[in-house]
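Chain by chain, the residues:
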Amino acid sequence: MTPSKAPKGTAKSAPKAKPQAQKPQAKSQPKHQAKPHAKAQAKPAPEAQDAVNPGLDAMLANLKMAKGATATPAAVPESEQRCGLVAIVGRPNVGKSTLMNALVGQKVSITSRKAQTTRHRITGICTDGDTQFVFVDTPGFQTRHTVKGTAALNRNLNKTVQATLSDVQVVLFLVEAGRFGPDDAKVLALLPPDKPVLLIANKLDQVKLRETLFPWLQQMQTEFPFKEIVPMSAEKPADVKRLLGVVRPYMEQQAWWYDAEALTDRTDRFMASEIIREKLFRLTGDELPYTSTVVIDQYTEEAPPIGKPKATGLVRIAATIIVERDQHKGMVIGDKGERLKRIGTEARTEMERLVGCKVFMEIWVKVRSGWADDDARLRTYGYE
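Cut-off values and rules
Counting from 1, residues in each chain are numbered in the order their sequence is written. Restriction of local features to residues with pLDDT of at least 70 applies here, the model being predicted, together with a cutoff of 80 or more for giving and counting side-chain atom pairs; totals for whole chains, interfaces and linings are based on all residues. The side-chain figures draw on all heavy atoms in the structure; neither hydrogens nor water molecules are used. Helical segments are the DSSP runs of H or I of at least four residues, strand segments are the runs of E of at least two, and each set is numbered from the N terminus. Residue contacts are counted whenever heavy atoms from the two residues lie within 4.5 Å of one another. Areas reported as accessible are Shrake-Rupley estimates using a 1.4 Å probe. Residue values count occlusion only from the protein chains shown. Accessibility here uses a 1.4 Å probe with only protein chains present; expressed as a share of the type maximum, an area under 20% marks a residue as buried, one over 50% as exposed, and anything in between as partly exposed. When DSSP finds two or more bridges between a pair of strands, those strands are recorded as paired. Each aromatic pair joins two rings of Phe, Tyr and Trp (for Trp, the six-membered one) with centres within 6.5 Å, and gets the label stacked for planes under 30 degrees apart, edge-to-face for over 60, and tilted for any other angle. By the criterion adopted, a ring carries a charge over it if an Arg CZ or a Lys NZ lies within 6 Å of its centre and within 35 degrees of its normal. The rule for a salt bridge is simple: a side-chain nitrogen of Lys or Arg has to be within 4 Å of a carboxyl oxygen of Asp or Glu. Lines fitted to the C-alpha atoms define the axes, with helices restricted to the stretch that makes contact. Angles between their N-to-C directions range from 0 to 180 degrees. Convention used here: angles under 35 degrees read as roughly parallel, angles over 145 as roughly antiparallel, angles from 65 to 115 as roughly perpendicular, and any remaining angle as oblique. Gly falls in the polar group here, along with every residue not listed as nonpolar (Ala, Val, Leu, Ile, Met, Phe, Trp, Tyr, Cys, Pro) or charged (Asp, Glu, Lys, Arg). Multiplying 1.5 Å by the residue count of a helix minus one yields the expected span of that helix.

Asks: Could you clarify how one ought to interpret the overall build of the protein in this entry?
Replies: Looking only at helices and strands, the protein features 10 helices and 11 strands. Taking the contacts inside the protein whose residues are at least 6 apart along the sequence as the reference set, 75% of them involve residues at least 24 apart. Within the structure as shown, the protein displays about 18800 Å² of accessible surface, and the carbon and sulfur contribution to it stands at 52%.

Structure follows, in structure tokens:
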């Protein structure tokens, strides 16, 4: 039975507020779960011609363009199916999760301005035509282990990236178009020489002086033997579709690993912890160090009454936010608990969209000093 008063350091986010003296919480209407990646797309507008530097236009025009699916996934015979694992790698906070979500067509990896938002191997699945792309959004390579109290966590993140790279068919090395700094170079040096690597020059739309981009692309070809160089913007569906076309030939002729409608191999329980952590980072900004994590203590599903739709069911989630210091705990809770309450409300609303029914969520905040430099605790908190 739910307590009427939350203990200190706890936020409760319920689908419907009970009558109390405090102001009732706005009621969130559940939405249907997002549909799989859409196949039909509007025709992209013609690329702008660059009179100053026609070489860039020629490079963009010569890129392999993705072809629209000619058959629904269910109609593709197993003997004609293609499938493979694609790693998305790059320095921290370069936009890997944003690209992953664009490729899949739905949010499966959390995003934040804070570096190292992604800490686990996140799998996103896109089935397009005869090909199933299994994308892996990895943590950003940590090129330093000297930050006090984070050595074990950083080692774990790099181990996750390296283990992923050993299994993939192709690597997407993500950088910002026109930029290649020391941290990018360190990541590039760690990529396996026996795997095909594609350079993805993202955020093309943010390049102000287009005439400087083509010389930069030529310079990048001297840095590493990239199989392909793809200038693009993950915000543009036409560019995302084109990237799928570039990656398609690297997928092996084999049966799909997942159902055609699958979007990720992660459980709803795991997604709950990721969504809470995303809201935590977004709402605390630069105040809170990234050495904070979320543990799901309880995740139970109550089936809807017989004959009733799924939306009448209920999911109960109990979670704990782990921080390093008492000071950090105060940052998370906020004035009179308002920040923690908002974290819970936003996380619950997003979870309701994901699971398609009402969600009751409770969140506690606990201090566990030194957890990010303790291998045993990392395993306890779900780090591989």
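Asks: What is the right way to look at the pairing of strand E10 (residues 314–323) in this model?
Replies: Here is the key point about a regular strand: its side chains alternate between the two faces of the sheet. Along E10, nine of the 10 residues are buried, which leaves the element largely enclosed by surrounding structure. Pairing analysis gives nine bridges linking strand E9 (residues 293–302) to E10, with the strands arranged antiparallel. Looking at E10, one finds that Thr293 is bridged to Ile322. Across 10 bridges, the pairing between E10 and strand E11 (residues 358–367) is parallel.

Asks: Can you help me understand the packing of aromatic side chains in this one?
Replies: Each pair of aromatic rings is reported with the distance of its centres and the angle of its planes. In this structure the tally under the stated criterion is three aromatic pairs. Measuring from centroid to centroid gives 5.8 Å for Phe133 and Phe135, while their planes differ by 10°, and the two rings are stacked. With a relative accessible area of 0%, Phe133 lands in the buried category. The exposure class of Phe135 is buried, given its relative accessible area of 0%. Aromatic pair Phe224 and Phe226: ring centres 5.1 Å apart, planes at 45°, arrangement tilted. Side by side, Phe224 and Phe226 carry an identical accessibility label, which is buried. A network of ring pairs unites the aromatic residues Phe173, Phe224 and Phe226 as a single cluster. Between the NZ or CZ atom of Arg266 and the centre of the ring of Phe270, over which it lies, the distance is 4.1 Å.

Asks: Help me out: how do you make sense of the pattern of salt bridges in this one?
Replies: Note on pairing: side chains with opposite charge can pair once their charged atoms come close. Evaluation of the coordinates by the stated rule reveals 16 salt bridges. With a shortest N-O distance of 2.6 Å, Arg316 and Glu302 are connected by a salt bridge. Of the two residues, Arg316 sits in strand E10 while Glu302 sits in strand E9, which places them 14 residues apart along the sequence. In this structure, the salt-bridge partner of Glu352 is Arg348, at a minimum N-O distance of 3.2 Å.

Asks: What is the right way to look at the packing of helix H2 (residues 96–104) against helix H6 (residues 237–247) in this model?
Replies: Relative placement of two packed helices is described by the angle separating their axes and the distance separating the axes. Two elements in contact, H2 and H6, have axes whose closest approach is 10 Å; the angle formed by their N-to-C orientations is 85°. Classified by the interaxial angle, the pair formed by H2 and H6 is roughly perpendicular. Along its contact with H2, which presents Leu99, Ala102 and Leu103, the element H6 presents Val240, Leu243 and Leu244. Looking at the contact of H2 with H6 residue by residue, the classes come out as six nonpolar, no polar and no charged.

Asks: Which parts of the structure should I look at to understand the environment of Pro249?
Replies: Tracing the backbone shows Pro249 in the loop between H6 and strand E8 (252–253). Measuring from C-alpha to C-alpha, the distance between Pro249 and Thr131 comes to 9.5 Å, with 118 residues separating the pair along the chain.

Asks: Please clarify how the environment of Ala255 should be interpreted in this entry.
Replies: Looking at the secondary structure, you find Ala255 in the loop between E8 and helix H7 (268–284). By relative accessible area, Ala255 is classed as partly exposed at 28%. Sequence spacing of Ala255 and Glu78 is 177 residues, and the spatial spacing of their C-alpha atoms is 5.4 Å. If we skip the residues at most four places from it in the chain, Ala255 touches Glu78, Gln81 and Cys83.

Asks: Would you mind going over H7 with me for this structure?
Replies: Each full turn of the α-helix corresponds to 3.6 residues, which orients residues three or four apart in the same direction. Taking 1.5 Å of rise per residue, the 17 residues of H7 would be expected to cover 24 Å, and the 24 Å separating its terminal C-alpha atoms lies within 8% of that figure. Within H7, 14 of the 17 residues are buried, which leaves the element mostly enclosed by the surrounding structure. Positioned one or two residues after H7, Gly285 has a phi angle of 60°, which is positive.

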